[in-house]
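If you want the building blocks of each chain, they are given just below.
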Amino acid sequence: MAKVKLATKVDSDVLVVGVGISNSKLQILSGISEVDSTALLINLNAIGATGKVDEVIKLPGKTTKLIVFTGLGKIEPNFSPELLRRAAGAAARELAGNKSAAFALPHKSVVELSAIAEGAALGAYSFTQFLGSSKKEQKDPLSTVSVITKFADTPAAKAAARRAEIIAEQTFLVRDLINTPPSHLTPDSFCLRMKKEAAKYGVKVEIINDAALKKGGYGGIIGVGQGSANPPRLLHVTYSPAKAKKRYAFVGKGITFDTGGLALKPAAGMEAMKADMSGAAAVIAAVFAIAQLKLPIAVDGWAPLAENMVSDSATRPSDVITIYGGKTVEVLNPDAEGRLVLADALIKAAQVGKKAGGLDGIIDVATLTGAQAVALGSRTSAVMTNDELFSGQFLTAANLAGEAFWPMPLPVELRASLDSPIADLANIGDRMGGMLVAGLFLKEFIDPQTPWLHLDIAGPAYNEKTAHGYTPIGGTGIALRSLVCLAELASSHT
Ligand code: BES
Ligand code: MN
Ligand code: ZN
């Protein structure tokens, strides 16, 4: 993870500046006077630079070894924080192989500075754990990013730099876990890794193993996990500061691999199902980040973990399971497994939240449906809710975080499609509106008095296309930043 520094002058042999377009002309924007634009623009025009977003050009510098131009697109009087975050991230990604870089990008406030620091830190990522003979050819990501700013000496800027480190550290944990293949990531190893991390942040950990799950009546987690040689777990982490202003529960889908079970998925594309634990990783790492930031918000993180496999002990279509708390579900499709493990965890999270004095909100995060990606594509996630006010707050937080979320309805008329002739509920309903049907299934396990958000991140969790901005190929870490921002917003309210 890169160290984030602040400086008023260029302190690296690599300098990153912005380049944009105004009236069809390239223009360099650095926020510092040391850059001689005229000479540089001649070179940039000569090599056909466009200044478009995600274009990164490296040239030998005059005062530094390298001068790097990151595209800002059309020049605006104020660039949005997310545009700056992405521009910094794109440059950081291209600078692997260098030790450090100084980022001189235009900004007028600490909010924008914060985005630049975050983007630069988030772009300095690589995942090399599984490289063998080719590891030595791999270029290491930046180990220091230095943000050039006139705010360098202010407490707000210093806090923003530290925050960027924390966000990057926890996002990298999420990305690493997503990228780790199921040969090396099981429900148990996920728990052990998180337990090790939690110890660093003073976060409490409880691991409920398969025997305890069976005994406790967690029929969803057991049912989904029973086809696998790698037994399921329910991981629970708690950050509970004195004088907390609010208490939230975050619940993340933790399927370490989703074959579809006896409703076996087609081979083509199944490899992406190693990312089916993205929600679990995001919620647990979000609790760590909130603890590191010492926010006055209590949070429980819950990760129901299972491997959805095919075997003689796998759940059969038509099997009936009993969710924690007593609701029965007819499993018509073992590939609709996420909602089953989440159902157990949602009931448990509410129960534990109630004992702790009540929850101000419960949020589940899941790579729940292919329909999510069909509806919103691979970069926009969905929010469903029983509380418009809470979802409004969340959307504000997501917008500040620079994560794209879009509200989706939970139409009552779709609920009947989940009726089962023999159990309280079936695990699948209408195929049309599949994302919403999944949300309606989860809603059955929510106390109507508790504000609830269901975040379906199926598309955005895993980037199968090309890297862009601060987003690498593979696990993205989506949802973590929005959850942290929500806790920050809640901290600043009385
Ligand atoms: N993990 C998948 C959803 C998914 C698909 C995530 C593609 C990311 C990319 C989930 O468990 C699943 O298989 N859902 C089914 C539900 C259906 C059987 C009702 C789906 O979306 O097809
Ligand atoms: Mn599935
Ligand atoms: Zn799944």
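Residues numbered from 1 in each chain as written. Chains lettered and ligands numbered in written order. Predicted model: local features only at pLDDT ≥ 70, side-chain atom pairs only at ≥ 80, totals over all residues. Heavy atoms only, no water.

**A short note on the site of ligand 1**
Threshold: We call a residue near a given molecule or strand whenever any one of its heavy atoms falls within 4 Å of it. Any pair of N or O atoms that falls within 3.5 Å is considered a polar contact. Within protein, one atom must be able to donate a hydrogen and the other to accept it, and sequence-neighbouring residues count only if both atoms are side-chain atoms. Surface accessibility follows the Shrake-Rupley procedure with a 1.4 Å probe radius. Residue values consider only the protein chains on display as shielding. In this count, Pro and Cys sit with the nonpolar residues alongside Ala, Val, Leu, Ile, Met, Phe, Trp and Tyr, while Asp, Glu, Lys and Arg are called charged and the others, Gly among them, polar.
Taken together, 15 residues are adjacent to ligand 1, and Asp258, Lys265, Asp335, Glu337 and Gly370 come closest. One of the side-chain nitrogen or oxygen atoms of Glu337 is found 2.8 Å away from an oxygen atom of ligand 1. One of the backbone nitrogen or oxygen atoms of Leu368 is found 3.5 Å away from a nitrogen atom of ligand 1. The fraction of the free accessible surface of ligand 1 (520 Å²) that becomes covered by protein chains is 73%. Class assignment of the residues belonging to the shell around ligand 1 gives a composition of 4 nonpolar, 4 polar and 7 charged.

**Some thoughts on the coordination of the zinc ion (ligand 3)**
Ideal donor angles around a metal are set by the shape: a four-donor tetrahedron calls for 109.5 degrees, a six-donor octahedron for 90 or 180 degrees. This is how the line gets drawn: Each metal's donors are the N, O and S atoms within 2.8 Å of it, or within 3.2 Å when it is Na, K or Ca, and because water is not part of the set, sites may look incomplete. In these descriptions, tetrahedral denotes four donors with every angle between 85 and 135 degrees, square planar four donors and octahedral six donors with opposite donors over 155 degrees apart and the rest between 65 and 115, and irregular any other case. Three labels apply to residues, based on accessible area from a 1.4 Å probe with only protein chains included: buried if under 20% of the type maximum, exposed if over 50%, partly exposed otherwise in between.
Looking at the zinc ion (ligand 3), one finds its protein donor set to be Lys253 (NZ), Asp258 (OD), Asp276 (OD) and Glu337 (OE), positioned 2.0 to 2.4 Å from the metal centre. For the zinc ion (ligand 3), the 6 donor atoms in the first shell make angles of 78 to 172° at the metal, so the coordination geometry reads as octahedral. Read N to C, the donor residues that coordinate the zinc ion (ligand 3) are spaced as K-x4-D-x17-D-x60-E. In this structure, the zinc ion (ligand 3) lies 3.2 Å from the manganese ion (ligand 2), and both are coordinated by Asp258. Here Lys253 and Asp258 have matching classes, each one buried.

**Focus on unusual backbone geometry**
What counts is decided by this rule: Only DSSP runs of H or I covering at least 4 residues are called helices, and only runs of E covering at least 2 are called strands; the numbering of each starts at the N terminus.
The residue Asn23 is not glycine, and still its phi comes out positive at about 50°. Residue placement: Asn23 occurs in the loop between strand 2 (14–22) and strand 3 (25–29). Of note in this structure, Ser24 is not a glycine but carries a positive phi near 60°. Looking at the element boundaries, Ser24 is found in the loop between strand 2 and strand 3. When its relative accessible area of 74% is taken as the criterion, Ser24 is described as exposed.

**Observations regarding the coordination of the manganese ion (ligand 2)**
For the manganese ion (ligand 2), the protein coordination sphere consists of Asp258 (OD), Asp335 (O), Asp335 (OD) and Glu337 (OE), at 2.0 to 2.2 Å. Seen from the manganese ion (ligand 2), its 6 donor atoms lie at angles of 69 to 167°, and the figure they make is irregular. The sequence pattern formed by the donor residues of the manganese ion (ligand 2) is D-x76-D-x1-E. Take Asp335: its relative accessible area is 21%, and that puts it in the partly exposed class.

**Structural notes on the domain arrangement of the protein chain**
Put simply, the test is: An automatic or database domain assignment is the source of the domain bounds shown. Any two residues whose heavy atoms approach within 4.5 Å are treated as being in contact. Definition used for salt bridges: Asp or Glu carboxyl oxygen within 4 Å of a side-chain nitrogen of Lys or Arg.
Each assigned domain of the protein chain is listed with its residue range as follows: domain 1 (3–149) and domain 2 (172–491). On a C-alpha basis, the centroid separation for the pair domain 1 and domain 2 is 35 Å. The interface is formed by 17 residues belonging to domain 1 together with 17 residues belonging to domain 2. Applying the counting rule to domain 1 against domain 2 returns 1 salt bridge. One salt bridge in this structure joins Glu118 and Arg481, with 3.2 Å as the shortest N-O distance. Across the domain 1-domain 2 interface, the total number found is 10 residue pairs in polar contact (both at pLDDT 80 or more). Of all the elements in the fold, those that place two or more residues in the side of domain 1 that touches domain 2 are helix 2 (81–94) and helix 3 (110–123). If you tally residues by element for the side of domain 1 that touches domain 2, the top one is helix 2, at 6 residues. A class-by-class count of the residues in the side of domain 1 that touches domain 2 yields 7 nonpolar, 4 polar and 6 charged.

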